[in-house]
Amino acid sequence: MDLFLQALINGVMLGGFYAAMMLGFSVIWGVMGVINLAHGEMIMVGAYLSWLLNEHVGMDPFVSLLIVMPVMFVIGYILQLVLINRVVDRPILVSLLVTFGLSIAISNLVNVIFTADPRLTDTALEGAWSVGNVTFPVTKTAIMGVALVIMTSLWLFLQKTRTGKSIRAAAQNKQAARIVGIDINKIYALTFGICIAITGAAGAIISPTQAIFPFMGVPLTLRAFTITALAGLGSIPGALFGGIVLGIVESMIGIYVSGIGTNLAIIASFVLLVVILITRPQGLFGGLRPIEEPVQL
Amino acid sequence: MWSLILVLVLVAAACGSDTTETTEGSAAPATTQPAATDDTTSEETTPTETTEAMEEPMFAGTIVLGAAVSDTGKYAREGQDTRQGYDLWLDWVNHEYGGIAIGDDRYEVEIVYYDDEGDPDTAASLVERLVTEDEVDFLLGPYSSGLTMSTSAIAEKYNVIMVEGNGASESIFERGFKNIFAVLTPAGNYTQSALKSLADLGATTVVIAYEDTAFPTSVATGAQKWAEEYGYEVLAFESYPLDTPDVSNIITNFKNLDPDVFVGGGHFNDALLFVRAAKEQGWTPDAMVITVGPSNPDFAAEVGVDANYIMGPTQWERTMSWEDEWFGTAEDYALRYEALWGEPPSYQAAESTATALSLHLAIEAAGSIDTDAVRQALYDLDILTFYGPINFDDTGKNAGKPMGAIQIQDGVVNVVAPAEASVADVMYPMLPWDQR
């Protein structure tokens, strides 16, 4: 029973990590239809910012969010205005190529600036709480907590505020949104800025658990892609639920199958993805995008 | 709509896998200028000529060696160490030693370098060029198992001897090649010294986790073999995929098995994940032996106090007690290296110098540069160097050299095994994480 509980806790914590990491990717895809292949690199940049503050000012990565998020917002806003806006209406392949190029440029730029030496941040939130034989990792619980706060805030922002409603309107039908007077370029830049800020925040909070190095982004982008497809584009409850489902599936298989469990878990997660794509192509929770594209005028 | 999503997934997946390869190849294509032969050799020979004028040793001729080593790409750093190791030997053999002695004559040495960009295919075509166009007499190895794998096939095709010091994977030596020799300890023996010293301290059970790629698999299979040899009971043998972000489940299982020794095979990030996961779950085995990470000074610097007690294999450390008549002790070598390059030597640099030195000694023993004679001399070679014993077996692996083991003790990387090379005793068992 202890083992089962521990597997469950490991799974939920892994799910929190996944959800925090893929949220920005999911919303950008959902609102703008852009698959951001530089997503992992944005996580990496956020992690490096957090490391700089940790190394030189001694700031805790969880506190550094206060600086990392605004900085990343500005980076995202500018990137959207200068680069992404020019390709957002073009075929999907163009934006794939642009963000792919961006990912190569960013990772190599960081490689030149910081070298390939792996870095790590220190946090005061470390160690473990034990209840009987079951342990709760403190850092991962904190990551889960921050992820929940960010998700709830984003959800409230999208549901309750005027700007949030504009973003959802732009996601659902761009033409109609334009007709009712929404400045699409501004909304897109805002969306991209917010999502990059969230993505950078994910980089900052996972920095105590992973080595930070210039080429860490690619596997994270792939994982974000999987969970987004599983959960539904831009769906916030879906991100959380999809992340946790995947985390628990991986954890259970990892613990109960010996020898090859961790490998088998990855296979299982992709089998799950294929099944979902065949049976529910809009993802488990639907999302910001309508199931059928509206007929463009 | 369904089909559209599926197509998108396929496109993005294809792009994603491209990303992996291309970003790892990194800036290479943009910045690459294949290091022009003329430039490199003139750089190498200019000082030689000056010294010649002063000391006037009469060289009877020139022996030309060739190497494709990364100057750009993902192995740029290690490639630089490799070149610096070769060049240290080159500087020494031409200026101090007076050239390679064949009979009564002395031969000057040149090394022709190309930049392989960290790509196995590029490396192979450059080595082909070294052999066919530059007509080098012998080849020195590139950095990494993968590049050694591809270039040694070219060496075999043209029947040119390649001596290498930076490809440890056993698969390199399992192809029946006659022209590949390696001075470094093969991957299967990485954990031997550590497991032996821990067995002597009373450890009896072990668990092994490894990334399922070529090198860690070799390390783990070897660890299993040596563990059984030293009387351990192997309680678990777990593989995990490349780029895994979390190893909590492996650690949860291991905690329940309660082994004395944990062996982890993987890369730097894996070492970090294992240490963090063990701490998170409050699990302290009596010893943790992890490849790649701990021997890198960055590891202790970044991980801090949690890095203490962690053990790892090492090919060479400057504190080892090896000594020879050419470069003196390991520390003498390190000082010479620092004087020449202004930074301390990594083990990649030391093994590169040892690579060139063993080829040099084999040529002298053979008394000619004839391929068959030098090959026989390499097989017969049995020497002790600043880098450790060198004695090639039938497949070209260095059967003579034990792998060292280090342990991080108060933030310092100390050699703890084998006994003849160690500077400190193993601290055993590990202190629990919260009592540091």
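Remember, it's a predicted structure, so these values are computed and weren't measured experimentally.

*Asks:* Please explain the overall build of chain A as it appears in this structure.
*Replies:* Regarding its fold elements, chain A presents eleven helices and two strands. The secondary structure elements of chain A, listed N-terminal to C-terminal, are α-α-α-α-β-β-α-α-α-α-α-α-α. Rg of the C-alpha trace for chain A: 19 Å, near the compact-globule value of 19 Å for 297 residues, within the 12% margin. If you line up chain A on its principal axes, its C-alpha atoms span 60 × 50 × 35 Å. Out of the 297 residues belonging to chain A, those deemed buried represent 52%. Residue pairs in contact within chain A that sit at least 24 positions apart in sequence constitute 79% of those at least 6 positions apart.

*Asks:* Where do I start with the nonpolar core in this structure?
*Replies:* Side chains that are nonpolar tend, in soluble globular proteins, to be buried together. Core analysis: the biggest nonpolar cluster contains 208 residues, and Met21(A), Ala201(A) and Leu139(B) have the highest contact counts within it. At 16 residues, the largest contribution of residues to this core is made by helix α1 (residues 2-32) of chain A. Each of domain 1 (33-185 + 320-390) and domain 2 (189-314 + 403-435) of chain B gives at least three residues to this core. For Met21(A), the contacting residues outside a window of four places in its chain are Ile43(A), Ala202(A), Ile206(A), Leu220(A) and Ala224(A).

*Asks:* What is the right way to look at the domain arrangement of chain B in this model?
*Replies:* Quoted interface sizes are often the accessible area lost when the parts come together. All names here are of chain B. Partitioning chain B into structural domains gives domain 1 (33-185 + 320-390) and domain 2 (189-314 + 403-435). Between domain 1 and domain 2, the C-alpha centre-to-centre distance is 32 Å. At the interface, ten residues of domain 1 touch ten residues of domain 2.

*Asks:* I would appreciate a short explanation of the sheet that holds strand β16 (residues 404-409) of chain B in the present structure.
*Replies:* As a general point, the strands of a sheet are linked pairwise by backbone hydrogen bonds and lie either parallel or antiparallel. Residues and elements named next belong to chain B. The sheet built from seven strands is open, its strands ordered β8-β7-β9-β10-β11-β16-β17 with mixed pairing. The open sheet has two edge strands with one neighbour each: β8 (233-240) and β17 (412-417). Within this sheet the neighbouring strands show an average axis-to-axis angle of 25°, counted without direction. Two elements, strand β9 (residues 261-265) and strand β10 (residues 287-290), share four bridges in a ladder whose sense is parallel.

*Asks:* Explain helix α4 (residues 92-114) of chain A here, please?
*Replies:* Residues spaced three or four apart along an α-helix face the same direction, because each turn holds 3.6 residues. Residue and element names in this part refer to chain A. Spanning 23 residues, α4 covers 33 Å between terminal C-alpha atoms, matching the ideal 33 Å at 1.5 Å per step. Of the residues making up α4, those classed as buried are Ser95, Leu96, Val98, Thr99, Phe100, Ser103, Ser107 and Val110. Downstream of α4 by a residue or two, Thr115 has a phi angle that is positive, lying close to 60°.

Procedures and definitions
Residues numbered from 1 in each chain as written. Chains lettered and ligands numbered in written order. Predicted model: local features only at pLDDT ≥ 70, side-chain atom pairs only at ≥ 80, totals over all residues. Helix = DSSP H or I, 4+ residues; strand = E, 2+ residues; numbered from the N terminus. Rg over C-alpha atoms; globule rule 2.2 N^0.38 Å. Buried ≥ 20, exposed ≤ 12 C-beta atoms within 10 Å, placed from the backbone. Contact = placed C-beta atoms within 7 Å. Core = buried A, V, L, I, M, F, W, Y, C linked by C-beta atoms within 7 Å. Domains from an automatic or database assignment. Pairing = 2+ DSSP bridges. Axes fitted to C-alpha atoms, helices over the stretch in contact; angles between N-to-C directions. Expected span 1.5 Å × (residues − 1).

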